[in-house]
Amino acid sequence: MTNFDLIQKMLVISFRKIMRSTSEQITNLLEFIILIPLLIFFVKTSIFDSSFFLKGTILLLFLNTITVASSLGLSSILKRKEGFFREILSSPSSNVSIFLSLILGNMVLLLFRNLIILIIVQIFGLGLSIFSLIAVLALSLIISPLIFFIALILSSIIENIRLLTILMTIFTLAQFALSGILISFKDFFWVAMNPFAYAADLLIYIAGLETNFPVVVDLVITIVLTIITYIFASSLFSKVEV
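J.: Describe the overall build of the protein, with residues and values.
T.: Scanning the protein from terminus to terminus reveals eleven helices and zero strands. Helices (α) and strands (β) of the protein occur, in sequence order from the N terminus, as α-α-α-α-α-α-α-α-α-α-α. Expressed as a percentage of its 242 residues, the buried residues of the protein come to 47%. As displayed, the protein offers around 12200 Å² of accessible surface, 71% of which is attributable to carbon and sulfur atoms.

This is the structure in structure tokens:
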């Protein structure tokens, strides 16, 4: 199996998963979608300023990325235990190609979920231009590998579904305060201690909102972290016994 065939196979698996479980994916998204009317209420009643709806949407996209990453980490543990990777890892393709194909497949799934969120919030009056919507959607995909790599690193080290679920839940909840989307760095210094806040800050920037840090700093830190986590995640993935 060539690298191209492998990538094609992983993409086909992702598309089949989406088509076969579209209702399941939408059901999973309900945990985010039900927050949209609440965001609208806050804006309409002037509890928060008009940018709160946009910030809330950015937060939903960011949390949705973490949710997909959590699913990736948990499914990786299950697939290793069930021997799903045995056939693929025994192919002539390199482990790096397999690893990247796995990431690409989950990016397709994330694209589907984020697209649904953006369509719904746009219907409810988000008011972004088509260019801005495409830019936000594209950037959410670009920064997603960083979070995917973290999930795979944790799943390779922990190999315990219950413990990984707890850790990812804590990580998700922490992003409400530490992502810098709803609570800025000016109001909460600890935002700067969260390495993922810089990736979230790029989403804030592309949406046209005031950022917490200089964009150059966001880019440098996000790129460096992505490279570091990729090296660790791909290394651990290649050493996994199936």
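J.: Could you give an account of the packing of helix α7 (residues 130–142) against helix α10 (residues 197–206), naming the residues involved and the relevant values?
T.: The packing of two helices is summarised by the inter-axis angle and the distance between the axes. For the pair α7 and α10, interaxial distance at closest approach is 9 Å and the crossing angle is 170°. Between α7 and α10, the crossing angle belongs to the class labelled roughly antiparallel. Two secondary-structure elements touch here, α7 through A135, V136, L139 and S140 and α10 through L202, L203 and I206. Of the residues that constitute the contact of α7 with α10, the class distribution is six nonpolar, one polar and no charged.

J.: Describe the environment of P214, and please don't skip the residues or the numbers.
T.: In this structure, P214 sits in the loop between α10 and α11 (215–238). Judged by relative accessible area, P214 falls into the exposed class, the value being 54%. Separated by 13 residues in sequence, P214 and D201 place their C-alpha atoms 9.1 Å apart.

J.: Could you give an account of a nonpolar patch on the surface, naming the residues involved and the relevant values?
T.: The grouping of V216, V220, V224, I228 and F232 at the surface amounts to a nonpolar patch, some 450 Å² of accessible area in total. With respect to the helices and strands, F232 occurs in helix α11.

J.: If you had to explain the confidence of the model for the protein to someone new, which residues and values would you point to?
T.: Predicted confidence across the protein gives a mean pLDDT of 78, with 72% of residues reaching 70 or more. For the protein, the element scoring lowest by mean pLDDT is helix α1 (residues 3–20), at 52; α10 scores highest, at 92.

J.: Break down α7 for me, citing the residues and quoting the values.
T.: The end-to-end C-alpha separation of α7 is 18 Å, in line with the 18 Å expected for 13 residues at 1.5 Å each. Among all positions of α7, only S132, L133, A135, V136, L137, L139, S140 and L141 are buried.

J.: Go over the side chain of D218, please, and point to the residues and values.
T.: Tracing the backbone through its elements, the reader meets D218 in helix α11. There is no salt bridge for the buried D218, and the closest opposite charge comes from K186, which lies 13 Å off by N-O distance.

J.: Let's hear about the pattern of salt bridges: which residues, and what values?
T.: By the definition in use, this model includes one salt bridge. We note a salt bridge from K186 to E210, for which the minimum N-O separation is 2.9 Å. On the criterion of sequence distance, the pair formed by K186 in the loop between α9 (161–178) and α10 and E210 in the loop between α10 and α11 is long-range, its members being 24 residues apart. For the residue pair K186 and E210, the accessibility class agrees, reading exposed in each case.

J.: Any details on the packing of α10 against α11? Residues and values, ideally.
T.: Direction vectors running N to C along α10 and α11 enclose 135°, while the axes themselves pass 8 Å from each other. Of the possible angle classes, the one that applies to α10 and α11 is oblique. Relative to α11, the crossing made by α10 is left-handed. Taking contact as the criterion, the partners of Y198, A199, D201, L202 and Y205 in α10 are, on α11, V215, V217, D218, L219, I221 and T222. Tallied by class, the residues present in the contact of α10 with α11 amount to eight nonpolar, one polar and two charged.

J.: An account of the nonpolar core is needed here, citing residue identities and associated values.
T.: Ranked by internal contacts, the top residues of the largest apolar core, which has 52 residues, are F62, I103 and F148. The dominant element in this core, judged by the number of residues it contributes, is helix α4 (residues 52–82), at 13 residues. Membership of the second largest hydrophobic core comes to five residues, among which are A192, A197, Y198 and F213.

J.: Describe α10, listing the residues and the values that go with them.
T.: Counted residue by residue, α10 has eight buried out of ten residues, so it is predominantly covered. The set of residues buried in α10 consists of A197, Y198, A199, A200, D201, L202, L203 and I204. A positive backbone phi angle near 90° is found at G208, which sits one or two residues after α10.

J.: Please set out the packing of aromatic side chains residue by residue, giving values where relevant.
T.: Considering all chains together, one arrives at eight aromatic pairs under this definition. Taken together, a centroid distance of 5.9 Å and an interplanar angle of 50° make the contact between F99 and Y230 tilted. Linking F99 in helix α6 (residues 95–123) with Y230 in helix α11, this pair joins segments that are 131 residues apart in sequence. Aromatic pair F171 and F196: ring centres 5.0 Å apart, planes at 75°, arrangement edge-to-face. Of this pair, F171 sits in helix α9 while F196 sits in the loop between α9 and α10, and the two are 25 residues apart along the sequence. Both residues of the pair, F171 and F196, count as buried.

Conventions and cut-offs
Residues numbered from 1 in each chain as written. Predicted model: local features only at pLDDT ≥ 70, side-chain atom pairs only at ≥ 80, totals over all residues. Heavy atoms only, no water. Helix = DSSP H or I, 4+ residues; strand = E, 2+ residues; numbered from the N terminus. Buried < 20%, exposed > 50% of the residue type's maximum accessible area, 1.4 Å probe, protein only. Areas by Shrake-Rupley, 256 points an atom, 1.4 Å probe, with all protein chains shown as cover. Axes fitted to C-alpha atoms, helices over the stretch in contact; angles between N-to-C directions. Parallel < 35°, antiparallel > 145°, perpendicular 65-115°, else oblique. Contact = heavy atoms within 4.5 Å. Nonpolar A, V, L, I, M, F, W, Y, C, P; charged D, E, K, R; others polar. Patch = residues over 30% accessible without salt bridge, like charges linked within 9 Å, V, L, I, M, F, W, Y side chains within 5 Å. Salt bridge = Lys/Arg side-chain N within 4 Å of Asp/Glu carboxyl O. pLDDT = per-residue confidence, 0-100. Expected span 1.5 Å × (residues − 1). Lys, Arg positive; Asp, Glu negative; His and termini not counted. Left-handed = near helix turned anticlockwise from the far one by under 90°. Core = buried A, V, L, I, M, F, W, Y, C linked by side-chain atoms within 4.5 Å. Phe/Tyr/Trp six-rings, centres within 6.5 Å; stacked < 30°, edge-to-face > 60°.

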